[in-house]
Amino acid sequence: MVNDGQTIALGGMLFSNQSNEDRKVPFFGNLPVVGKAFFTSNTKSIKDRELILFVTPYIITDPSMLQAPNPPDKRLYFENEMAPFWKVKDKQWYKQLKDGQEKKTDFDGYFNVRKKLIDSTLSALDQSAKAPASGQS
């Protein structure tokens, strides 16, 4: 029994995959003693996976609580959304991004802060180098 909105976990499917792999250099891997020692490698791997389902039931008391999903304006295809870097400028989403959603980077402010940090570090190093070492005569 589960209350309205309470999440329960259903589990129990465990997948286990064990594999042994032998790799060797052709001809040299077949040589007795030397082939096994220097030209052959053995790999053992164990992969375990467990499937757990989380279920959250909701009791619908009023049919108006249900909303019909809105269909998308147009279909999205993988080929239309993904592109090699040299074809990105032809894509619709890139054109929309370029039209006004792009945030301008303040390079002057960045380099001014960077210059101030470098100057303060160098001046602190100069002051520590000019200060006389204590305990020496």
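The model shown is predicted, which means the values in this text are computed figures rather than measured ones.

### What about the overall build of the protein?
Moving on, step 1. Broken down by element type, the protein carries 4 helices and 2 strands.
Moving on, step 2. For the protein, the succession of helices and strands along the chain, N to C, is β-α-β-α-α-α.
Moving on, step 3. Looking at the 137 residues of the protein, the share that counts as buried comes to 4%.
Moving on, step 4. Taking as baseline every contact in the protein between residues at least 6 positions apart, the subset at least 24 positions apart corresponds to 61%.
Moving on, step 5. Just so you have it, the protein exposes about 13700 Å², and 57% of that area is on carbon and sulfur atoms.

### Some thoughts on a nonpolar patch on the surface
Moving on, step 1. Side chains of Val25, Phe27, Phe28, Leu31, Val33, Val34 and Phe38 sit close together on the surface and give an oily, nonpolar patch of about 710 Å² of accessible area.
Moving on, step 2. Examined against the element boundaries, Leu31 turns out to sit in the loop between strand S1 (8–24) and helix H1 (34–38).
Moving on, step 3. Residue Leu31 is classed as partly exposed on the basis of its relative accessible area, which comes to 31%.

### Description of the packing of aromatic side chains
Moving on, step 1. Tallying each qualifying case throughout the model produces 2 aromatic pairs.
Moving on, step 2. Among the aromatic side chains, those forming a connected cluster through ring pairs are Phe27, Phe28 and Phe39.

### Here we look at the side chain of Thr40
Moving on, step 1. Of note, Thr40 is situated in strand S2 (residues 40–55).
Moving on, step 2. Overall, Thr40 belongs to the buried group, its relative accessible area being 19%.
Moving on, step 3. Polar contacts involving the side chain of Thr40 include one to the main-chain carbonyl oxygen of Gly35, which spans 2.9 Å.
Moving on, step 4. Beyond its immediate stretch of four places on either side in the chain, Thr40 contacts Arg23, Lys24, Gly29 and Gly35.

Rules of the game
Residues numbered from 1 in each chain as written. Predicted model: local features only at pLDDT ≥ 70, side-chain atom pairs only at ≥ 80, totals over all residues. Heavy atoms only, no water. Helix = DSSP H or I, 4+ residues; strand = E, 2+ residues; numbered from the N terminus. Buried < 20%, exposed > 50% of the residue type's maximum accessible area, 1.4 Å probe, protein only. Contact = heavy atoms within 4.5 Å. Areas by Shrake-Rupley, 256 points an atom, 1.4 Å probe, with all protein chains shown as cover. Patch = residues over 30% accessible without salt bridge, like charges linked within 9 Å, V, L, I, M, F, W, Y side chains within 5 Å. Salt bridge = Lys/Arg side-chain N within 4 Å of Asp/Glu carboxyl O. Phe/Tyr/Trp six-rings, centres within 6.5 Å; stacked < 30°, edge-to-face > 60°. Polar contact = N/O pair within 3.5 Å; in protein donor to acceptor, adjacent residues only side chain to side chain.

Note that every value here comes from positions in space, so none of it alone points to a role or purpose.
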